[in-house]
Amino acid sequence: SSLVNIDDEPVVAELGEILPDDIAIYAKRRDDATFVKGSYLGRQSGLAQNELTTAYREVNGAADGYPGWIVDRYDKWLFVQQEEGPMSIRGPLPSLHDGYTAGVYFLPTKVDRSVMGSEKIKPKLLEGQSAPEYIPVKENGITYLVSLGESFSTGIFLDQRLQRAWFAQHCTEETRVLNCFSHTGAFSVAAASAGASTVSLDLDKKWLDRIRPQMEANGIMEWDGKHDCIYGDCELAKRNEQFDIVILDPPSTSVNKFGKGKKRWSVKSDMAELVALAARLVKSDGLLFTTTNASTLRPEKFAKMCKKGLEDAGVTNAKLERISPMPSDFPSIGCHPVTNFIWRIP
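Residues numbered from 1 in each chain as written. Predicted model: local features only at pLDDT ≥ 70, side-chain atom pairs only at ≥ 80, totals over all residues. Heavy atoms only, no water.

Here's the deal with the overall build of the protein chain
Secondary structure assignment for the protein chain yields eight helices and 18 strands. A burial count over the protein chain gives 49% of its 346 residues as buried. For the protein chain, contacts bridging at least 24 residues in sequence account for 62% of all contacts bridging at least 6. For the protein chain, the accessible surface area stands at approximately 17000 Å², while carbon and sulfur atoms represent 51% of it. (Helix = DSSP H or I, 4+ residues; strand = E, 2+ residues; numbered from the N terminus. Buried < 20%, exposed > 50% of the residue type's maximum accessible area, 1.4 Å probe, protein only. Contact = heavy atoms within 4.5 Å. Areas by Shrake-Rupley, 256 points an atom, 1.4 Å probe, with all protein chains shown as cover.)

Section: the sheet that holds strand E16 (residues 282-292)
Ordered in space as E12-E11-E10-E13-E16-E18-E17, the seven strands form an open sheet in which the pairing is mixed. Edge strands, defined here as strands with exactly one partner in the open sheet, are strand E12 (227-231) and strand E17 (319-323). On average, adjacent strands in this sheet sit at an angle of 15 degrees to one another, irrespective of strand direction. In this sheet, strand E18 (residues 339-345) lies alongside E16 in antiparallel orientation, the contact comprising seven bridges. The residue of E18 that forms the bridge with Phe289 is Ile342. Sheet strands touched by helix H3 (residues 161-170): strand E13 (243-248), E16, E17 and E18. Its angle to E16, the strand with the most contacts, is close to 160 degrees. Taken strand by strand, helix H8 (residues 299-312) contacts E16 and E18, and its axis lies near 30 degrees from that of E18. (Pairing = 2+ DSSP bridges. Axes fitted to C-alpha atoms, helices over the stretch in contact; angles between N-to-C directions.)

Section: the sheet that holds strand E3 (residues 55-60)
Across the sheet, which stays open at both edges, the five strands sit in the order E3-E4-E5-E6-E7 with mixed pairing between neighbours. Of all the strands in the sheet, just E3 and strand E7 (124-128) have a single pairing partner and so form its edges. In this sheet, neighbouring strand axes are inclined to one another by 25 degrees on average, regardless of whether the strands run parallel or antiparallel. Pairing of E3 with strand E4 (residues 69-74), which is carried by five bridges, proceeds in the antiparallel orientation.

So, unusual backbone geometry
Backbone geometry places Asp75, a non-glycine residue, at a positive phi of 55 degrees. Mapped onto the elements, Asp75 comes out in the loop between E4 and strand E5 (77-83). Look at Asp75 and you get buried, because its relative accessible area is 15%. Unlike most non-glycine residues, Phe181 shows phi in positive territory, near 50 degrees. Relative to the helices and strands, Phe181 resides in the loop between strand E10 (176-180) and helix H4 (186-193). Relative accessible area serves as the criterion here: at 28%, Phe181 is assigned to the partly exposed category.

Focus on the environment of Leu47
One can find Leu47 in the loop between helix H2 (41-44) and E3. By relative accessible area, Leu47 is classed as buried at 11%. In this structure, the C-alpha to C-alpha distance between Leu47 and Glu58, residues eleven residues apart in sequence, is 9.4 Å.

Some points on the packing of aromatic side chains
The tally for this structure, following the rule as stated, stands at seven aromatic pairs. Judged by centre distance (6.3 Å) and plane angle (75 degrees), the ring pair of Tyr74 and Phe79 falls under edge-to-face. When the centroid spacing of 4.9 Å and the interplanar angle of 40 degrees are considered together, the rings of Phe167 and Phe289 count as tilted. Placement of Phe167 in helix H3 and of Phe289 in strand E16 is noted, with a sequence separation of 122 residues between them. By the burial criterion, Phe167 is buried, and Phe289 matches it. Taken together through their ring pairs, the aromatic side chains of Trp166, Phe167, Phe187 and Phe289 make up a single cluster. Lying across the ring of Phe106, Arg90 places its NZ or CZ 5.5 Å from the centre. (Phe/Tyr/Trp six-rings, centres within 6.5 Å; stacked < 30°, edge-to-face > 60°. Lys NZ or Arg CZ within 6 Å of the ring centre and 35° of its normal.)

Describing the side chain of Ser182
By the element assignment, Ser182 lies in the loop between E10 and H4. The exposure class assigned to Ser182 is buried, which follows from its relative accessible area of 5%. Setting aside residues up to four positions removed in sequence, Ser182 forms contacts with Ser200, Leu201, Asp202, Leu208 and Ile211.

Observations regarding the pattern of salt bridges
As enumerated under the stated definition, the model contains 14 salt bridges in all. In this structure, Arg164 engages Glu139 in a salt bridge whose closest nitrogen and oxygen atoms are separated by 2.7 Å. Placement of the pair is Arg164 in helix H3 and Glu139 in strand E8 (residues 135-139), with a sequence separation of 25 residues. Comparing Arg164 with Glu139 shows no difference in burial state: the two are buried. Note that Arg176 is salt-bridged to Glu241, the shortest N-O span being 3.2 Å. Of this pair, Arg176 sits in strand E10 while Glu241 sits in the loop between E12 and E13, placing them 65 residues apart in sequence. (Salt bridge = Lys/Arg side-chain N within 4 Å of Asp/Glu carboxyl O.)

From the geometry alone we can't say anything about function, so treat these as descriptive.
The structure is reproduced here in structure tokens:
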């Protein structure tokens, strides 16, 4: 049979019986390791030509035909990840010789990424120039600071680009945002760029320390009374604080190092309890953003957990107002590994 791949170059594959187009095209992309001309969605969708966005995904693993092979661009540097396992294969670096790439970093990853921090796995420079400690990248015109050599996390999750764009477009100077599990505060920076006041909460001070420099990189100099960072657990409900938007984007699993003893926390077992606590911090007619990157947790199960948490908090008529999709450079086979549900609290 004759197929046309995503490069619009005719190819021939001996498929035997007729297969559905999506399966046939996937089979072809999986077996053909020849890169021709920007066949991956991070480039095809126009991001490579967008001067307002200089950080995006070029190759997204199995959905681009290369299981376990991830290639992200951060301005002039490529950040390559290869997941361990028998199905993982080395794929292409589409833009390596485009005249714009200064260097390539490589990070071997685990299927269970939660153990990578304890194992202190760090990226290594494979080729080209070392990146500066912090690389300024743009996303829809907003500047973020990423680090490629510090840890397995660069400081920004590219699959949340559409969420950050929403904050930048819809927040105002009257909006108060609580960003739980804030990491380096990318959601906070996006909201602040539209004038919102923010509170960023995280259990790791090194991530919180990166929020203010990113604010300042976007000309946001007013801090006292406008933006705050809280390190560790907090009891905002006891202070009668409420917010227009509360963001819950927890890791799939983590250890709470505060309080008595260390408790292993996981989305699968504790998300409902977390939602119940957060729901009380949302103003009437406010929004609760719930996100998980637990790939083994199906969206309908995650929704039921969130719904239970809302009901446990006495919120029985919350509305699932929006399901935020993934960006075009994050194609998927089957369900997306990241789920974004936005709830309206009456």
